[in-house]
Amino acid sequence: MSQAPGQLRYRGRCVDCAWIGRQFVRYTTADAAARDHAGAHQHTTFVADQYEMRIVGSTIRPTRTRLA
Ligand SMILES: [Zn+2]
């Protein structure tokens, strides 16, 4: 995998445990990984960029998956 300079990387992170997702070039892929973790462990997760800045609006709360 080549790393283009200046390319944004995203990774899921967990508020409730030390989980840190793999880095992905695509936000949607990191978001899917964060949703997986939130659903599997009932934890609140979010997506951060390569500078560890939280992406606005990326927070995933596991209670949302319980609505059904
Ligand atoms: Zn967690």
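Above: the structure in question.
Described in the following lines is the structure provided in the data block. (Residues numbered from 1 in each chain as written. Predicted model: local features only at pLDDT ≥ 70, side-chain atom pairs only at ≥ 80, totals over all residues.)

## Notes on the overall build of the chain
Along the chain, the regular secondary structure elements total one helix and two strands. Starting at the N terminus and walking to the C terminus, you meet the elements of the chain as β-α-β. Here the chain holds 68 residues, and 21% of them are scored as buried. Partitioning the contacts of the chain with sequence separation of at least 6, the portion at a separation of at least 24 is 31%. (Helix = DSSP H or I, 4+ residues; strand = E, 2+ residues; numbered from the N terminus. Buried ≥ 20, exposed ≤ 12 C-beta atoms within 10 Å, placed from the backbone. Contact = placed C-beta atoms within 7 Å.)

## Things to note about the nonpolar core
In terms of nonpolar packing, the biggest core is built from nine residues, these being Tyr-10, Ala-30, Ala-33, Ala-34, Ala-38, Phe-46, Val-47, Ala-48 and Ile-60. No other element matches helix 1 (residues 27–41), which puts four residues into this core. In this structure Tyr-10 touches Gln-23, Phe-24, Tyr-27, Ala-30, Val-47 and Asp-49, once residues within four positions along its chain are discounted. (Core = buried A, V, L, I, M, F, W, Y, C linked by C-beta atoms within 7 Å.)

## Some remarks on unusual backbone geometry
Its identity as a non-glycine residue notwithstanding, Gln-42 has a phi of 55 degrees, on the positive side. Phi is positive for Glu-52, which is not a glycine, with a value near 65 degrees. Summarising the element assignment, Glu-52 is placed in the segment after strand 2 (45–49).

## Section: the pairing of strand 2
Strand residues, when the strand is regular, have side chains that alternate between the two faces of the sheet. Across the five residues of strand 2, four count as buried, placing the element largely inside the fold. In terms of strand pairing, strand 1 (residues 10–14) meets strand 2 through five bridges, oriented antiparallel. Bridge pairing in strand 2 places Tyr-10 opposite Asp-49. (Pairing = 2+ DSSP bridges.)

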